Amino acid sequence: MSKPVVLIAEELSPATVEALGPDFEIRSCDGADRGQLLEAIADADAILVRSATKVDAEAIAAAKKLRVVARAGVGLDNVDVKAATQAGIMVVNAPTSNIVSAAELAVALLLSVARNVVPANIALKNGEWKRSKYNGVELSEKTVGIVGLGRIGVLVAQRLSAFGVKLIAYDPYVQPARAAQIGVRMVPLEELMAESDFITVHLPKTPETSGLIGDDQLALAKPTMYLINAARGGIVDEDALFRAISEGRVAGAGLDVYAKEPCTDSPLFGLETVVATPHLGASTDEAQEKAGIAVAKSVRLALAGELVPDAVNVQGGVLAEAIRPYVPLAERLGAIASPLFDGALQRVDVEVRGEVADLDVRVLELAALKGVLQGLVHDPVSYVNAPVLAQQRGVEVALITDRESEDHRTLVCVRLTSSEGETVSVAGTVTGPRDAQKLVEIDSYDIDVPLSEHMVFFRYHDRPGIVGSVGRILGDHAINIGGMQVSRDEPGEHAMIVLTVDSVVPAEVLEQIVAEIGAHTGRAVDLII
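This report concerns the structure included in the present document.

Procedures and definitions
Residues numbered from 1 in each chain as written. Predicted model: local features only at pLDDT ≥ 70, side-chain atom pairs only at ≥ 80, totals over all residues. Heavy atoms only, no water. Pairing = 2+ DSSP bridges. Helix = DSSP H or I, 4+ residues; strand = E, 2+ residues; numbered from the N terminus. Axes fitted to C-alpha atoms, helices over the stretch in contact; angles between N-to-C directions. Buried < 20%, exposed > 50% of the residue type's maximum accessible area, 1.4 Å probe, protein only. Arc of directions from axis to C-beta. Contact = heavy atoms within 4.5 Å. Polar contact = N/O pair within 3.5 Å; in protein donor to acceptor, adjacent residues only side chain to side chain. Patch = residues over 30% accessible without salt bridge, like charges linked within 9 Å, V, L, I, M, F, W, Y side chains within 5 Å. Areas by Shrake-Rupley, 256 points an atom, 1.4 Å probe, with all protein chains shown as cover. Salt bridge = Lys/Arg side-chain N within 4 Å of Asp/Glu carboxyl O. Lys, Arg positive; Asp, Glu negative; His and termini not counted. Charge placed at Lys NZ, Arg CZ, Asp CG, Glu CD. Core = buried A, V, L, I, M, F, W, Y, C linked by side-chain atoms within 4.5 Å. Phe/Tyr/Trp six-rings, centres within 6.5 Å; stacked < 30°, edge-to-face > 60°. Parallel < 35°, antiparallel > 145°, perpendicular 65-115°, else oblique. Left-handed = near helix turned anticlockwise from the far one by under 90°.

## Re the sheet that holds strand β10 (residues 226–229)
An order of β8-β7-β6-β9-β10-β11-β12 is seen for the 7 strands of this open sheet, with the pairing classed as parallel. Where the open sheet ends on each side, the last strands, each with one partner, are β8 (184–186) and β12 (274–276). Between one strand axis and the next, the sheet turns through 20 degrees on average, direction left out of account. Alignment of strand β11 (residues 252–255) against β12, held across 3 bridges, turns out to be parallel. By the bridge assignment, Gly254 is partnered in β12 with Val275.

Written out as structure tokens, the structure reads:
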């Protein structure tokens, strides 16, 4: 078999290719060259990009085999996540790869503007010794306002605390008690603007944060205040900032990001108290290497068909270690339930009972839904587009958790309901030191059968000779039985046989068995184990 093709569309660290390993065919192209990109992406299974390559709807439509788009960095402005999700393509990035680098640059910009490092450097290199002109200010005992107390904001706070500053922050999603643990007092934005000697911005760019700091907010600032933005362009209104500095209402700024990039011509660049860098937040050897290695690992998982729970368009939540063995189990239970089900699917219920029910188990709902839909729709189903496909088909999906489980430490049950009210339920668990997966219940029938690559299910009316007939017909076709269990509600009433076999059971063999034993239903299920 040919190896999956991984297309590297921009220059990445050698460690990225090394992290991908030998299991892929690595190709390269210039992602900024549109024609070259569209040609190269046509038969790629994965593409790795940075910021220059636009993976938009046109590129996604041209990519017939694409399963994952990996952005070796944080932002996803150049990836059409919605189009990728619709196509079942996973989008991954490296959200923590550059947080240290970004925090350090923010601190560097803050120190630079406080001590006039850049204009003093330029003057001295031009032969001018201007000690008195470039008098600066100390950070000690000054108030620093942090707009956005996420991962980078916290790192900045930790680093600046060593300078003896007073730290305040604005972030509507952070609890004051959590901020107090790192010595930060939470305040409204207006109070932060009025009190701060330095303000540093660390928010994502969203419709809510666009233009967050404009004329009205800057009007509240001290004339000695310096503003730092190493987060995203557009959060600070650049025209308003230019007016505030030019009119002496704000002392200066340190900027690494701009509303439109690349930006080489801005009125702000003409102001001596503005230090400007060309979006260098992630531009360290360490950040680039971390980003490349992180997305390479995600690509390996995605192309192996495994879940990447922190993919930006996967709705699975954080994957706790205790939940990990139940993810493939849930998917396989869904894959078993689907062929046992007749009728128009209206609802999928995923029940998680027992020890892991207190954890974030949304990923089990997602995995089970993926398994169910693989047997019901013609479109390729992935962890990415399973919720989209269900929604398009009017299928309701619900997750039920319960700390109580009578017979098993943890039980996962997948229940399908038709528009006529008919149901099928399949339940399973994992056991032992190797987390062996087994089927423990189908509808009202108690089962205890290990999951296998090839499984067969028969519903029939209980009577003597059934087991012998099934074994004989399979033997006549050289199909070896690995395991068998019979379960029934009452002697002589309804019963079920579950078999594990060593090879695929052809449809004609299944039909022969159904006819001979008078089965109500006979289903063969082939799982990926």
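## A short note on helix α16 (residues 466–476)
Side chains of residues three or four places apart in an α-helix project in the same direction, reflecting 3.6 residues per turn. Listing the buried residues of α16 in full gives Ile466, Ser469, Val470, Ile473 and Leu474. The arc that holds every buried residue of α16, seen down its axis, measures 125 degrees, which confines them to one face. Contacts made by the buried residues of α16 are with β19 (454–461), β20 (481–488), β21 (494–501) and α17 (507–517). In the segment just after α16, Ala478 is the residue with positive phi, at about 55 degrees.

## Focus on the environment of Leu280
Within the element layout of this structure, Leu280 appears in the loop between β12 and α12 (285–303). Separated by 151 residues in the primary sequence, Leu280 and Trp129 have C-alpha atoms spaced 29 Å apart. Excluding residues that lie within four positions of it along the chain, Leu280 makes contacts with Leu105 and Asp256.

## Details of the pairing of strand β6 (residues 143–147)
Among the 5 residues that make up β6, 5 are buried, leaving the element largely enclosed by the rest of the structure. Where β6 lies against strand β7 (residues 166–170), 5 bridges are found, and the strand directions are parallel. Bridge assignment links Thr143 to a residue of β7, and that residue is Lys166. Of the pairings in the sheet, the one linking β6 to strand β9 (residues 198–201) comprises 4 bridges and is parallel in character.

## Quick word on helix α11 (residues 238–246)
Listed as buried for α11 are Ala240, Leu241, Ala244 and Ile245. Along the axis of α11, the buried positions cluster into a sector of 130 degrees, meaning they face one direction only. Next to the buried residues of α11 lie α10 (215–218), β11 and β12. Regarding α11, its N-cap is Asp237, as a side-chain oxygen of that residue lies 3.0 Å from the backbone nitrogen of Asp239 further along. Remark: Gly248 follows α11 within two positions and exhibits a positive phi of approximately 80 degrees.

## Looking at a negative patch on the surface
A cluster of acidic residues, Glu18, Glu104, Asp285, Glu286 and Glu289, forms a negative patch at the surface. For the negative patch, the leading source of residues is α12, giving 3 residues. Among the residues examined, Glu286 registers a relative accessible area of 54% and is labelled exposed.

## Thoughts on the nonpolar core
Proteins that are soluble and globular tend to have nonpolar side chains buried together. The biggest cluster of nonpolar side chains holds 75 residues, and the ones touching the most others in it are Ile336, Leu364 and Leu439. When residues in this core are grouped by element, the largest group, 9 residues, is from helix α13 (residues 326–340). Setting aside chain neighbours within four positions, we find Leu439 in contact with Leu333, Ile336, Val426, Ala427, Gly428, Ile447, Asp448, Val449, Leu451, Met455, Phe457 and Val498. Counting 31 residues, the second-largest nonpolar core is a separate cluster that includes Val144, Val154, Leu160 and Ala230.

## Regarding unusual backbone geometry
When glycine is set aside, most residues are seen to have a negative phi, and most peptide bonds are trans. Looking along the chain, the bond that leaves Glu261 and enters Pro262 is cis, with omega of -5 degrees. Locating Pro262 in the fold gives a position in the loop between β11 and β12. Of note, the phi angle at Asp443 is positive, near 50 degrees, even though the residue is not glycine. Inspection of the secondary structure puts Asp443 in the loop between β17 (436–442) and β18 (445–450). Phi is positive for Ala478, close to 55 degrees, though the residue is something other than glycine. Here Ala478 lies in the loop between α16 and β20.

## A short note on the side chain of Glu351
Position of Glu351 among the secondary structure elements: in strand β13 (residues 345–354). Given a relative accessible area of 9%, Glu351 falls into the buried group. Here the side chain of Glu351 touches Arg353 through a polar contact of 2.7 Å, side chain to side chain. If sequence neighbours within four positions are ignored, Glu351 has contacts with Ile400, Leu411, Val412, Cys413 and Arg415.

## Concerning the packing of aromatic side chains
The full count for this structure, using the stated rule, is 2 aromatic pairs. Judged by centre distance (5.7 Å) and plane angle (15 degrees), the rings of Phe198 and Tyr226 are stacked. Here Phe198 is found in strand β9, whereas its partner Tyr226 is found in strand β10, with 28 residues between them in sequence. The exposure class of Phe198 is buried, given its relative accessible area of 1%. Here the aromatic rings of Tyr258 and Phe269 are separated by 5.7 Å at their centres, their planes lie at 90 degrees, and the arrangement is edge-to-face. Placement of the pair is Tyr258 in the loop between β11 and β12 and Phe269 in the loop between β11 and β12, with a sequence separation of 11 residues.

## Some thoughts on the environment of Val430
Assignment of secondary structure puts Val430 in strand β16 (residues 423–431). Linking Val430 and Glu511, residues 81 residues apart in sequence, is a C-alpha distance of 32 Å. Setting aside residues no more than four positions away along its own chain, Val430 makes contact with Pro325, Tyr326, Leu329, Asp435, Ala436 and Gln437.

## A look at the pattern of salt bridges
Oppositely charged side chains can pair when the atoms bearing their charge come close. Under the defined criterion, the tally for this structure stands at 29 salt bridges. With a shortest N-O distance of 2.9 Å, Arg249 and Glu247 are connected by a salt bridge. Judged by relative accessible area, Glu247 falls into the exposed class, the value being 52%. In this structure, the salt-bridge partner of Glu351 is Arg415, at a minimum N-O distance of 2.4 Å. Here Glu351 is found in strand β13, whereas its partner Arg415 is found in strand β15 (residues 410–418), with 64 residues between them in sequence. One salt-bridge network, held together by shared partners, links Glu351, Arg353, Asp402 and Arg415.

## Structural notes on the packing of helix α5 (residues 99–114) against helix α7 (residues 151–161)
At a minimum axis distance of 9 Å, the contact between α5 and α7 shows a crossing angle of 50 degrees. One way to sum up the angle between α5 and α7 is to call them oblique. The element α5 and its partner α7 pack so that their crossing is right-handed. Contacts between α5 and α7 involve Ile99, Val100, Ala102, Ala103, Glu104, Ala106, Val107 and Leu110 from the former and Arg151, Ile152, Leu155, Val156, Arg159 and Leu160 from the latter.

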